[in-house]
Amino acid sequence: MNHEKRTFEFYVLAGFFLLFVLFLYGPLSAILILSFQGPEGGLTFPLNGVSLHWFHNLFQQQAVGDFGASFKRSFVLGLMVMAVTVLVSLLAGLAFRQRFRGGTALFYLAVASLVVPSIIISLGIGVVFQQSGLKPAWYSSAFGAHLTWTLPFGVLIMFAVFNRFSPAYEEAARDLGASAWQTFRHVVLPMIAPSLIGVGLFGFSLSYDEFARTLMTSGTYNTLPLEIYGMTTNVTTPVLYALGTVTTVFSFTIILAALGLIISLRRKQAKGV
Amino acid sequence: MSAGQIADVPMTDKPLGITRRLPKRGLQKLAAYLQAAPLALILGFFFLLPILAIVVVSFWDYDFAGIYPDFLTMNYTETLGSWVTWKIYLNTFKFTAIVWALTLLIGFWVAYFLAFHVRTATMQMLLFLVCTVPFLTSNIIRMISWIPVLGRNGLINTTLMNMGLVRDPVEWLLYSDFAVVLAMVHLYTLFMVTPIFNTLMRIDRSLVEAARDAGATGWQILWNVIIPLAKPGIAIGTIFVVTLVMADFSTVQVMSGGQSASVALMMKNQMSLLQYPAAAANAVVLLIIVLMMVAAILRVVDIRKEL
């Protein structure tokens with residue numbers, strides 16, 4: 001198959017794929033370019049000079065809400081969600097390797113958590129906190145709301161990982177006299193480490209960008225996506241684009257770091273074998 | 001370990017096997033419960049409990065100052081008895097149907113190209129990543145990014161006017177149903193691409209070769225071999241896209257400029273007016289509809305088998 005000549009179908013589909021990638025990234029690059037708009041420039045092309053004016057503007061507190069503080073909250077919240085998602089998904093993945101009573105129910109509960117509209121969860125958690133006299137805050141109610149979105153992803157990924165995981169490695173380790181913990185720590189964990197980094201990346205990114213679930217649960221202080229959403233209605237300068245550029249570059253950095261880590265882990269493993 | 005396997009153990013080993021295995025299996029069961037407990041607790045407190053709370057509150061009374069325990073069906077009769085609600089539901093279904101069809105069409109061809117036309121595994125992974133990376137960036141930013149493209153003085157209008165194709169800027173590009181659908185397709189196609197790509201990659205290539213050897217044309221292979229085998233991926237993608245569009249309020253609000261509505265947006269507006277019981281009644285109706293749709297799709301596919 002590999003030496004066949006490229007068919008007409010290939011070129012049509014390749015063209016379609018290229019258009020799709022342009023469709024995905026085109027508008028994003030428009031924002032990127034426009035964030036370097038000159039001080040006199042507006043929200044659309046053409047560029048009225050090139051400057052860092054709007055980035056400078058972004059970091060002045062009075063200009064747009066409290067960008068720095070909301071970024072810090074989103075960042076910390078993302079890290080919290082990431083840590084809990086990795087740990088809880090890993091444990092659940094291990095649990096699902098055997099049948100246990102309620103296992104199927106728990107699995108479908110996780111699936112349900114994925115498909116129930118986010119605004120309903122947001123409203124529900126808001127109501128629960130309000131009625132029980134708890135104060136909603138980004139680190140309590142919003143934290144839980146984010147977990148209802150990241151955990152199902154994590155659990156499904158771990159489920160897929162362990163579906164393909166041969167028990168032969170563990171049996172070999174056990175036959176060689178390793179304890180249960182040693183088997184897990186030195187055999188299972190290194191093998192699933194790349195997937196765990198993937199789960200962590202999902203956990204962090206989905207939380208960092210989550211908006212609907214934070215809406216009713218963030219309490220007094222906004223997370224970054226709420227701040228941006230607020231800006232879409234009342235900010236009419238390219239500072240909005242500058243903020244978009246900064247957070248997108250940040251997201252890309254996180255993604256690249258995670259991918260780099262996964263690749264280097266895979267390389268190390270390949271060398272070890 | 002199944003009963004049959006235990007029975008296969010030679011007789012002499014049997015007593016030893018049983019005394020050694022039974023307590024261990026009990027311990028393993030306990031471990032499974034302990035390992036599953038954090039997930040169950042978190043989902044119980046932040047997912048099940050809130051849903052129950054919504055169901056309860058949907059029967060409560062409210063006024064401008066607060067909400068009060070009661071058992072009224074008023075919230076339901078009020079929302080379901082209003083034409084506006086029905087129109088909004090119809091509008092939401094319209095968005096769902098259009099976006100589903102478009103994401104399926106685009107998503108399938110993209111996944112098909114990646115799975116069957118890209119030859120090296122490295123290239124496949126690379127192009128797949130290119131498709132999935134935007135999923136990990138902010139939805140709102142990706143939405144806003146259409147403004148300089150579609151706006152009155154945006155890229156498309158400027159180009160059209162420079163080319164002399166139109167004299168006045170095209171108004172319906174931004175802040176319209178068109179813009180809502182475009183942005184949703186932009187945001188949600190990835191949810192189609194990933195599961196379909198996943199199932200396509202697991203199709204045994206020898207099936208395709210066998211079909212070709214038997215004289216099937218490209219289209220016949222696609223229609224009779226590949227698409228039927230891709231159904232589970234299509235079903236999972238459909239679940240994602242349908243539930244995301246049914247739940248959407250931010251895209252509708254931002255991209256229609258407040259001129260269009262969706263069920264979730266109606267809920268959000270009620271929530272900002274502190275009419276929680278009314279919003280809760282709408283939430284229950286929406287929840288039932290979404291769960292019924294998902295249950296219908298799940299009859300086609302067993303998710304646990306597809307992972």
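Residues numbered from 1 in each chain as written. Chains lettered and ligands numbered in written order. Predicted model: local features only at pLDDT ≥ 70, side-chain atom pairs only at ≥ 80, totals over all residues. Heavy atoms only, no water.

Looking only at helices and strands, one finds 10 helices and 0 strands in chain A. Going from the N terminus to the C terminus, chain A shows its helices and strands as α-α-α-α-α-α-α-α-α-α. For chain A, the C-alpha atoms occupy an extent of roughly 75 × 70 × 35 Å along the three principal directions. Here chain A holds 273 residues, and 52% of them are scored as buried. Excluding contacts between residues fewer than 6 apart, the proportion of contacts in chain A whose partners are at least 24 apart in sequence is 72%. Accessible surface for chain A amounts to roughly 12900 Å². Of this, 66% is attributable to carbon and sulfur atoms. Between the averaged position of the 16 positive side-chain charges in chain A and that of its 10 negative side-chain charges there is a distance of 8 Å. (Helix = DSSP H or I, 4+ residues; strand = E, 2+ residues; numbered from the N terminus. Buried < 20%, exposed > 50% of the residue type's maximum accessible area, 1.4 Å probe, protein only. Contact = heavy atoms within 4.5 Å. Areas by Shrake-Rupley, 256 points an atom, 1.4 Å probe, with all protein chains shown as cover. Lys, Arg positive; Asp, Glu negative; His and termini not counted. Charge placed at Lys NZ, Arg CZ, Asp CG, Glu CD.)

Let's shift gears to the interface of chain A and chain B. Between chain A and chain B, the contact holds 100 residues from the first and 92 residues from the second. Area buried by chain A at its contact with chain B is led by F17, F23 and Y229 of chain A, which between them contribute 8% of it. Linking chain A to chain B there are 0 salt bridges. Where chain A touches chain B, the interface holds 8 residue pairs in polar contact (both at pLDDT 80 or more). Elements that contribute at least two residues to the side of chain A that touches chain B include exactly α1 (8–34), α3 (67–95), α4 (103–115), α5 (118–131), α6 (141–163), α8 (180–209), α9 (224–234) and α10 (239–272) of chain A. In terms of residue count, the dominant contributor to the side of chain A that touches chain B is α1 of chain A (16 residues). (Buried area = accessible area lost by both parts, 1.4 Å probe. Salt bridge = Lys/Arg side-chain N within 4 Å of Asp/Glu carboxyl O. Polar contact = N/O pair within 3.5 Å; in protein donor to acceptor, adjacent residues only side chain to side chain.)

A few words now on the nonpolar core. Counting residues in each nonpolar core, the largest one holds 181 residues, and the members touching the most others are I120 and L123 of chain A together with L200 and M255 of chain B. Ranked by residues supplied to this core, first place goes to helix α9 (residues 177–201) of chain B with 16 residues. Shared between two domains, this core takes at least three residues from each, and those domains are domain 1 (3–57) and domain 2 (82–306) of chain B. Those residues in contact with L200 of chain B, other than ones at most four positions away along the chain, are A111, Y112, A115, F116, R205, I226 and A230 of chain B. In this structure, L90, L94, F184 and V188 of chain A belong to the second largest nonpolar core, which totals 11 residues. (Core = buried A, V, L, I, M, F, W, Y, C linked by side-chain atoms within 4.5 Å. Domains from an automatic or database assignment.)

All names here are of chain B. Looking at chain B, the domain boundaries give domain 1 (3–57) and domain 2 (82–306). Put simply, the middle of domain 1 and the middle of domain 2, counted by C-alpha atoms, are 38 Å apart. On the domain 1 side of the contact with domain 2, I51, I54 and V57 bury the most area, a combined 86% of that side's loss. Summed over the shared surface of domain 1 and domain 2, the result is 0 salt bridges. Counted by class, the side of domain 1 that touches domain 2 contains 4 nonpolar, no polar and no charged residues. (Nonpolar A, V, L, I, M, F, W, Y, C, P; charged D, E, K, R; others polar.)

Attention now goes to the packing of aromatic side chains. Throughout the structure, instances matching the rule amount to 44 aromatic pairs over all chains. Judged by centre distance (6.0 Å) and plane angle (10 degrees), the rings of F153 of chain A and F240 of chain B are stacked. Residue F153 of chain A is located in helix α6, and its partner F240 of chain B is located in helix α11 (residues 218–246); the two belong to separate chains. Overall, F240 of chain B belongs to the buried group, its relative accessible area being 14%. Ring geometry for Y112 of chain B and F116 of chain B: centres 5.3 Å apart, planes at 35 degrees, overall tilted. Of this pair, Y112 of chain B and F116 of chain B both sit in helix α4 (residues 83–116), 4 residues apart, roughly one helical turn. (Phe/Tyr/Trp six-rings, centres within 6.5 Å; stacked < 30°, edge-to-face > 60°.)

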